[in-house]
Structure formats: structure tokens, C-alpha cells
Amino acid sequence: MHIHIENDASAPQALHLTPQHLQQLLDAHPQLRGHFTLSENSQAAHTADFLATSDILWSGRKLALDTFSAPRLGWVQVMSAGVEQWLAHLPEGVTLTNASGVHGDKGAEFILMAALMFNFGIPGFLQDQAQRLWRPTFGGCARGKTVLLLGVGGIGAAAAKLLTAQGYRVIGVTRSGQCDADVARCIRIDAMDDVLPQVDVLVSTLPLTPQTDRLFDRRRLDLLPARAGIVIVGRAAVFDYTAMREKLCAGELAGAVLDVYPQEPLPVDDALWSTPGVVMTPHCSLDDHSAYLEGCLEVFIDNLVRFRSGHPLRNQVDVARGY
């Protein structure tokens, strides 16, 4: 069978997979050695030629697969956790697996850091510093405060473990209302409204699906208490950023730590740049380029072994659910 590697020419070299690297990993597995041929491409103009003869695709860039002729293609492994753009163009019968969980360790640390920032009033102190204001505030420890964790997948589950160890009371939110993560309780999405007034920190790791699109509209944001801080590392379209900004400007939220935005890069004239209480990172807080490729390859090699053995693939995307 033929595996084609599609690299993103604009991505850092650390995220490029070479055929030589993949071949070494294949040769190290008796179950995989000698069963695959490889090709690689990073020029968009040549993608169609390679897909025409590919059985398996490893892709570091988004492709509208339904615009290509790929009669043999049966499985695509992507380097991202979010797959909404893939699903919009996924031919029938093609299996899609993603990189869910690869961000877990760093993402969990970032979320814990952001939660603690609210506990110690850092967003407000940063705003005061910019204005040269001396306004001490005194609070307590994080223990016992409530974190509502939207999404308890790879990143969410890892974050729940660290938050719980720090003493937070973590409530997970999932589609089914069930999860195996280290949380005090888990609820369904439609049960959130009753919990929101209790929340100290709201964390979103959610993917973008028809169910999560604008899930946090103005009505739900209004249910949060003024002491609540918001951390968004999932898809930006889950939130109404305009309503969130207006509540921050009115002092009706403690702040927001944002890593994702409705438009990226964020335009220089966007009001978020000067919104009080906002701490911004440019969509880089979950990624570790020194380890990300190897993490994705661990998933891929494991899946190739499963594929050869006829077992279910890891991280297989449910097309109906969107993740």
C-alpha cells in the first residue's frame, strides 16, 4: 500500500515529515516493515498527482479532498485536532483520524496557569500596570473554586487532572454527560445553564461542530458571575466574542485568557487588543514544535499497526458528531 505525505510548505521545518523519517519508523516495526511505499510533497500544484495513487494520506495541511480524484484513498491522518474544515470536504468512505491528545500535556499546563492568573488577579494587575495604577487586591487560594471545563477530550482530561490536584472543583461538560476524566462531576451541554452562576473559571477546549457553534452566546455569558474568568483554547466560534468583549468592558467578567480568535492573525484595529482584562496569546500556547511531530507520529504508527491487524483506529473522527 502507498502512504503519501503532504507537508505544508509554510509550516516550520520541525513540522515537516520526511519519507526517510517515516521509513525508519516503519522498518523498526516487524508488522509494518516492507508493507508500504512512500512519497512526499509540499507543492500544492502537485498534490493531485500524488493523491491519485495514494491509499493512505498523512497531511500537515488542510485539503478539500472532494476536489481531487483519489480512487484508492481510504484513510487520512491529519496533524491537527480540529477537523471541521476536513469534514466539510471528506469523500464518502474515507476514514479520518486526528491528533487529539498530542497537545495534552502542554495544554493542561497552560490552562492551569490561566486559571491561577484569575485567582491572583493578574489580568487586572496587567491593566493597572499599563496605566501606572497602584491598586492592591487580596484574595485566597484556588482550593475549592469551581472550574467549568467545556470538553473533556485529550486536552480537557489532562487539564482536569492538574486542576483537580491544585484543589479546584472541576465540572466537566460533554455531549453525553459522561467522561473518565478526574472531575468532581460531569454534565451534559444542555445542563450547563444551572451551573454557570457557580463558576469561577470557564475553560473551553471544544471543537467547532454544529452543536457547539455559538454555544456561548450573550444569554449564556450573562449567566456567569462577575468574578468568572474565561479561558479559550478550543475553537473561537464557540463564543460570541463581541458579547464577551462588551461584558469585559462593563466589568461584568474578571477577565479572559484567549489563544484563539474569530480572525487570525487578529487585525491590528480589532477592539480586543485594548479590551480590559484580556490576556492574549497568538494561537501558540498548546503547541510544542520540538515534540509535536513525534507525538503525531506515535498516533500514526500505532494506527498503522492497528490498520494492518484489522483493529479500530485510534482518534477516529465521528463524522456525524464532528470530532
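Residues numbered from 1 in each chain as written. Predicted model: local features only at pLDDT ≥ 70, side-chain atom pairs only at ≥ 80, totals over all residues. Heavy atoms only, no water.

Q: What exactly am I supposed to notice about the UniProt feature "domain: D-isomer specific 2-hydroxyacid dehydrogenase NAD-binding" (unreviewed entry) in the protein chain here?
A: Residues annotated by UniProt as "domain: D-isomer specific 2-hydroxyacid dehydrogenase NAD-binding" (unreviewed entry) correspond here to residues 116-285. Counted over residues 116-285, helix gives 23% and strand 18%. Its end C-alpha atoms are 16 Å apart. (UniProt positions renumbered as here; feature names shortened; annotations may be inferred. Helix = DSSP H or I, 4+ residues; strand = E, 2+ residues; numbered from the N terminus.)

Q: Would you explain the pattern of salt bridges in this entry?
A: Pairs may arise between side chains of opposite charge once their charged atoms sit close together. One pass over the structure, following the stated rule, counts 15 salt bridges. Close ionic contact of Arg 61 with Glu 6 constitutes a salt bridge, the shortest N to O distance being 3.0 Å. On the criterion of sequence distance, the pair formed by Arg 61 in the loop between strand 3 (56-59) and strand 4 (75-78) and Glu 6 in strand 1 (residues 2-6) is long-range, its members being 55 residues apart. Across the pair, Glu 6 and Arg 61 agree in class, each one buried. A salt bridge links Asp 193 to Arg 219; the nearest nitrogen and oxygen atoms lie 2.9 Å apart. Here Arg 219 lies in helix 7 (residues 218-221) and Asp 193 lies in the loop between strand 8 (185-188) and strand 9 (201-204), a separation of 26 residues in the sequence. Look at Asp 193 and you get partly exposed, because its relative accessible area is 22%. Classification of Arg 219 as partly exposed rests on a relative accessible area of 43%. (Salt bridge = Lys/Arg side-chain N within 4 Å of Asp/Glu carboxyl O. Buried < 20%, exposed > 50% of the residue type's maximum accessible area, 1.4 Å probe, protein only.)

Q: Looking at this structure, how should I read the side chain of Ser 204?
A: Among the secondary structure elements, Ser 204 is positioned in strand 9. Judged by its relative accessible area of 0%, Ser 204 is buried. Among the polar contacts made by the side chain of Ser 204, one reaches the main-chain amide nitrogen of Leu 206 at a distance of 3.5 Å. (Polar contact = N/O pair within 3.5 Å; in protein donor to acceptor, adjacent residues only side chain to side chain.)

Q: Is there a simple way to think about the nonpolar core in this case?
A: Burial of nonpolar side chains together is a common tendency in soluble globular proteins. The biggest cluster of nonpolar side chains holds 34 residues, and the ones touching the most others in it are Leu 148, Ile 230, Phe 239, Tyr 241 and Met 244. Elements with a minimum of two residues in this core: strand 6 (146-150), strand 7 (169-174), strand 10 (229-232), helix 8 (241-249) and strand 11 (255-258). When residues of this core are assigned to their parent elements, the largest contribution, 4 residues, is made by helix 8. Beyond its immediate stretch of four places on either side in the chain, Tyr 241 contacts Ile 232, Ala 236, Leu 258, Val 260, Tyr 261, Pro 262 and Leu 272. Listed in part, the 28 residues of the second largest apolar core include Ala 114, Ala 115, Leu 163 and Val 257. (Core = buried A, V, L, I, M, F, W, Y, C linked by side-chain atoms within 4.5 Å. Contact = heavy atoms within 4.5 Å.)

Q: Teacher, can you tell me more about the layout of surface pockets here?
A: It is the rolling of a water-molecule-sized probe over the atoms that shows where space remains empty. If you add up the space inside the second largest pocket, you get close to 580 Å³. Looking at the second largest pocket, it is lined by 27 residues, and the ones nearest its centre are Phe 118, Phe 120, Gly 121, Thr 137 and Ala 254. Contributions of two or more residues to the lining of the second largest pocket are made by helix 4 (104-119) and helix 5 (122-130). If you tally residues by element for the lining of the second largest pocket, the top one is helix 5, at 5 residues. Classifying every residue of the lining of the second largest pocket gives 12 nonpolar, 10 polar and 5 charged. (1 Å grid on protein atoms, 1.4 Å probe; cavity = no way out; pocket = protein on both sides within 12 Å on 5 of 7 lines; lining within 4 Å. Points joined across faces, edges and corners; volume = space filled by probe spheres on them. Nonpolar A, V, L, I, M, F, W, Y, C, P; charged D, E, K, R; others polar.)

Q: Would you take a moment to explain the pairing of strand 4 for this structure?
A: Every regular strand shows the same layout, with side chains that alternate between the two sheet faces. Taking every second residue as pointing to the same face, both faces of strand 4 are buried, with Trp 75 and Gln 77 on one and Val 76 and Val 78 on the other. Where strand 3 lies against strand 4, 4 bridges are found, and the strand directions are parallel. Note that in strand 4 the partner of Ile 56 across the bridge is Trp 75. Pairing of strand 4 with strand 5 (residues 95-97), which is carried by 3 bridges, proceeds in the parallel orientation. Residue pairing for strand 5: Val 76 is matched across the bridge by Leu 96. (Pairing = 2+ DSSP bridges.)

Q: Help me out: how do you make sense of the packing of aromatic side chains in this one?
A: We describe a pair of aromatic rings using the distance from one ring centre to the other and the angle between the two ring planes. Per the stated rule, a full pass over the model turns up 4 aromatic pairs. Taking 5.4 Å as the distance between ring centres and 35° as the angle between the ring planes, the aromatic pair formed by Trp 75 and Phe 307 counts as tilted. Of this pair, Trp 75 sits in strand 4 while Phe 307 sits in helix 9 (residues 292-309), and the two are 232 residues apart along the sequence. You can call Phe 307 partly exposed: its relative accessible area is 32%. Look at Phe 216 and Phe 239: their rings are 5.1 Å apart centre to centre, the planes differ by 20°, and that puts the pair in the stacked class. (Phe/Tyr/Trp six-rings, centres within 6.5 Å; stacked < 30°, edge-to-face > 60°.)

Q: Can you walk me through the pairing of strand 7 in this structure?
A: Burial analysis of strand 7 places 5 of its 6 residues in the buried class, which makes it a mostly covered element. Where strand 6 and strand 7 come together, 5 bridges link them in parallel fashion. Bridge pairing links Leu 149 to Gly 172 in strand 7. Where the polypeptide runs from strand 6 across helix 6 (residues 154-166) and back to strand 7, its parallel neighbour, the crossover connection is right-handed. Of the pairings in the sheet, the one linking strand 7 to strand 8 comprises 4 bridges and is parallel in character. For Val 173, the partnering residue across the bridge sits in strand 8 and is Ile 187. (Right-handed = clockwise from strand over helix to strand, strands pointing away.)

Q: Please clarify how the sheet that holds strand 6 should be interpreted in this entry.
A: Backbone hydrogen bonds hold the strands of a sheet together, and the pairing may be parallel or antiparallel. Read across the sheet, 7 strands follow the order 8-7-6-9-10-11-12 without closing on themselves; strand pairing throughout is parallel. Both edges of this open sheet fall to strand 8 and strand 12 (278-280), since each of them pairs with a single strand only. Shown here is a sheet whose adjacent strand axes are inclined to one another by a mean of 15°, direction ignored. (Axes fitted to C-alpha atoms, helices over the stretch in contact; angles between N-to-C directions.)

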